[in-house]
Protein chains: 2
Amino acid sequence: MNSIDLSLYLVTDNSDNVEKFLNTIEEAIKGGVTVVQIREKTADTLDFYNLALKVKEITAKYNVPLIINDRVDIALAIDADGVHVGQSDMPCDVTRKLIGQNKILGVSAATINEAKKAESDGADYIGTGAVFPTATKDDAPSVTKEELIQIVDSIDIPVVAIGGINLDNANQLTDTGIAGLSVVSAIMSSDNPKKSSEELLNIFNS
Amino acid sequence: MNSIDLSLYLVTDNSDNVEKFLNTIEEAIKGGVTVVQIREKTADTLDFYNLALKVKEITAKYNVPLIINDRVDIALAIDADGVHVGQSDMPCDVTRKLIGQNKILGVSAATINEAKKAESDGADYIGTGAVFPTATKDDAPSVTKEELIQIVDSIDIPVVAIGGINLDNANQLTDTGIAGLSVVSAIMSSDNPKKSSEELLNIFNS
């Protein structure tokens, strides 16, 4: 199993303004983000590839792992550190075969069954949510704190919570056994992504 | 260079009705289609993967090469015979590295420069069009018969023509030096895909 510091896990959103996008990621890393996932659901493959190369320059500079959402081809093409797949992406076991044993494999799982299957199919960690209401991914299933704890307890691999996590509610999750907080808007839409990252990391570590 | 019979090259469209979609492909192969490309621009990765597995059962049964449009990850996951990339997909040279030397690599090229670059970057064949007006891909550049001949003459790898080719106009392309006709609607939307394929192949071979 590949080990990774999941404490503060940034998932990106809209990259229309590439310069601002890259700057936000760099500031977030300076603020303590421990892993970056690029999530692009509408971009052409070439645009996604070029964007991922640019993000990799930043993550490599700070030695932070870079994960690609869904697209195993992009991950292989830019030699990312790993891939994150959802329940409507490439099956976990197939993904593991494509990326080999040395790349990180994350899987979105909203139930104990999904989490156990991902673990047995080769996942290194699980992303579970949405733990709070979120506008970023409006089709995400909702997961209660109770359910989150049950998922954490049902598997041996680490779990990150995702979905609507921000500075106001993050402290509600610190006693759940999760390995980290995964956020999108709380950092990507922040006026001060470095400070927001510092504060989120402080909440998680406290 | 990987050799492939490009004489009648079927590119698929909308697969909402999977049963009809698969049946059309099988009838088209019975009618003489020599290569099948799956093109899915909106499907979830899991749906694309599952669809590609089903198409592969058919193409394997008839020993017809199966090419995946754009998605190198899907091609690798189902062990397709090759990949076709456009100018806004993964770069040709990167794609070649990902798929290795033994899989077929096709590239869409609408100019001599694009065709020459694809050839030097590892393409096995070129797809050029749109040679006629087409509703399938309304953002495709238009390529005149003159330009098509110039592209064929500028490179050593084979060229298939694509875009709006049907039973009424296919004969206009037989003296251009192309290696095949690539069609979507003329077969996928045909009431009798087997007969349409037979007729298109007859036109090309005459």
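Residues numbered from 1 in each chain as written. Chains lettered and ligands numbered in written order. Predicted model: local features only at pLDDT ≥ 70, side-chain atom pairs only at ≥ 80, totals over all residues. Heavy atoms only, no water.

J.: Summarise helix H2 (residues 45–61) of chain A; cite the residues concerned and give the values.
T.: Residue and element names in this part refer to chain A. Helix length check: H2 (17 residues) gives 24 Å between terminal C-alpha atoms against 24 Å at 1.5 Å per residue, within 8%. Along H2, the positions that sit buried rather than exposed are Thr45, Phe48, Tyr49, Leu51, Ala52, Val55, Ile58 and Thr59. Just downstream of H2 lies Asn63, where phi reads positive at about 55°. (Helix = DSSP H or I, 4+ residues; strand = E, 2+ residues; numbered from the N terminus. Expected span 1.5 Å × (residues − 1). Buried < 20%, exposed > 50% of the residue type's maximum accessible area, 1.4 Å probe, protein only.)

J.: I'd like a rundown of the interface of chain A and chain B, residues and numbers included.
T.: With 18 residues of chain A at the interface, the matching set in chain B holds 18 residues. Buried area between chain A and chain B, both sides added, is near 1,500 Å², and the carbon and sulfur share of it is 67%. Three residues, Leu46, Asp73 and Met90 of chain A, lead the burial of chain A against chain B; their summed loss comes to 30% of the area buried on that side. Our enumeration of links across chain A and chain B arrives at two salt bridges. Across the pair Asp73 of chain B and Arg71 of chain A runs a salt bridge whose closest N-O atoms are separated by 3.9 Å. (Contact = heavy atoms within 4.5 Å. Buried area = accessible area lost by both parts, 1.4 Å probe. Salt bridge = Lys/Arg side-chain N within 4 Å of Asp/Glu carboxyl O.)

J.: Lay out the sheet that holds strand E4 (residues 82–85) of chain B in plain terms, naming residues and giving numbers.
T.: All names here are of chain B. Pairing is parallel in the closed barrel, where eight strands are placed in the order E1-E2-E3-E4-E5-E6-E7-E8. Neighbouring strand axes in the sheet, compared pairwise and without regard to direction, differ in orientation by 25° on average. Packed on one face of the sheet, helix H2 (residues 45–61) meets strand E2 (35–38) and strand E3 (66–69) and runs near 160° to E3. (Pairing = 2+ DSSP bridges. Axes fitted to C-alpha atoms, helices over the stretch in contact; angles between N-to-C directions.)

J.: Pulling in residues and values, what's your account of the sheet that holds strand E8 (residues 180–183) of chain A?
T.: Residue and element names in this part refer to chain A. Spatially, the eight strands close up into a barrel ordered E1-E2-E3-E4-E5-E6-E7-E8, and their pairing is parallel. The average undirected angle you get between the axes of adjacent strands in this sheet is 25°. The pairing of strand E5 (residues 104–108) with strand E6 (residues 125–128) spans three bridges and is classified as parallel. Residue Ser108 lies in a different strand from E6, and its bridge partner there is Gly127. The strands touched by H2 within the sheet are strand E2 (35–38) and strand E3 (66–69), with E3 carrying the most contacts at an inclination of about 160°.

J.: Let's hear about the packing of helix H1 (residues 18–30) of chain A against H2 of chain A: which residues, and what values?
T.: The description of two packed helices rests on the angle between their axes and on the distance between the axes. Residue and element names in this part refer to chain A. Viewed as axis vectors pointing N to C, H1 and H2 meet at an angle of 25°, and their least axial separation amounts to 10 Å. Overall, the two elements H1 and H2 adopt an arrangement that is roughly parallel. Viewed along their axes, H1 and H2 form a crossing whose handedness is right-handed. Each of Val18, Phe21, Leu22, Ile25, Glu26 and Ile29 in H1 lies in contact with H2, whose residues at this interface are Leu51, Lys54, Val55, Ile58, Thr59 and Lys61. Within the contact of H1 with H2, the residues separate by chemical class into eight nonpolar, one polar and three charged. (Parallel < 35°, antiparallel > 145°, perpendicular 65-115°, else oblique. Left-handed = near helix turned anticlockwise from the far one by under 90°. Nonpolar A, V, L, I, M, F, W, Y, C, P; charged D, E, K, R; others polar.)

J.: Summarise the relation of the copies chain A and chain B; cite the residues concerned and give the values.
T.: Placing chain A over chain B gives an RMSD of 0.0 Å and needs a rotation angle of 180°, together with 0.0 Å of translation along the axis. Look at the turn and shift together and you get a two-fold axis relating the two. Nearest to the rotation axis, the C-alpha of Asp73 of chain A is located 2.3 Å from it, this being the minimum over chain A. (Least-squares fit on C-alpha atoms with pLDDT ≥ 70 in both.)

J.: Run through the pairing of E2 of chain A, naming residues and quoting values.
T.: All names here are of chain A. Of the two faces of E2, both are covered, the one formed by Val35 and Gln37 as well as the one formed by Val36 and Ile38. Here three bridges tie strand E1 (residues 8–11) to E2, and the two strands are oriented parallel to one another. If you follow Leu10 over to E2, its bridge partner there is Val36. Tracing the backbone out of E1, into H1 and back to the parallel element E2 gives a crossover that is right-handed. Of the pairings in the sheet, the one linking E2 to E3 comprises three bridges and is parallel in character. Across the sheet, residue Val36 finds its bridge partner in E3, namely Leu66. Once the chain exits E2 it traverses H2 before rejoining the sheet at E3, and the crossover so formed is right-handed. (Right-handed = clockwise from strand over helix to strand, strands pointing away.)

J.: Could you give me a rundown of the environment of Lys61 of chain A, with the residues and numbers involved?
T.: All names here are of chain A. Here Lys61 lies in helix H2. A relative accessible area of 58% means that Lys61 is categorised as exposed. Taking the C-alpha atoms as reference points, Lys61 and Glu26, separated by 35 residues in sequence, lie 9.6 Å from one another. Only 2.9 Å separates the side chain of Lys61 from the side chain of Glu26, close enough to count as a polar contact. (Polar contact = N/O pair within 3.5 Å; in protein donor to acceptor, adjacent residues only side chain to side chain.)

J.: Outline the pairing of strand E5 (residues 104–108) of chain B, listing residues and values.
T.: Residues and elements named next belong to chain B. Summarising burial for E5: four of the five residues are buried, a large majority. In this structure, E4 lies alongside E5, joined through four bridges in parallel fashion. The residue of E5 that forms the bridge with Val85 is Val107. Once the chain exits E4 it traverses helix H4 (residues 92–99) before rejoining the sheet at E5, and the crossover so formed is right-handed. Following the backbone out of E5, through helix H5 (residues 112–120) and into the adjacent parallel strand E6 (residues 125–128), one traces a crossover that is right-handed.

J.: Can you explain the packing of helix H1 (residues 18–30) of chain B against helix H8 (residues 193–205) of chain B? Please cite residues and give values.
T.: Residue and element names in this part refer to chain B. Their axes nearest at 7 Å, the elements H1 and H8 cross at an angle of 35°. Handedness of the crossing formed by H1 with H8: right-handed. On H8, the residues that touch Thr24, Glu27, Ala28 and Lys30 of H1 are Pro193, Lys194 and Ser197. When its residues are assigned to classes, the contact of H1 with H8 shows two nonpolar, two polar and three charged.

J.: Please provide a residue-by-residue account of the pattern of salt bridges, values included.
T.: Across all of its chains, the model carries 24 salt bridges over all chains by this definition. Connected through salt bridges with shared partners, the residues Arg71 and Asp73 of chain A together with Arg71 and Asp73 of chain B form a single ionic network.

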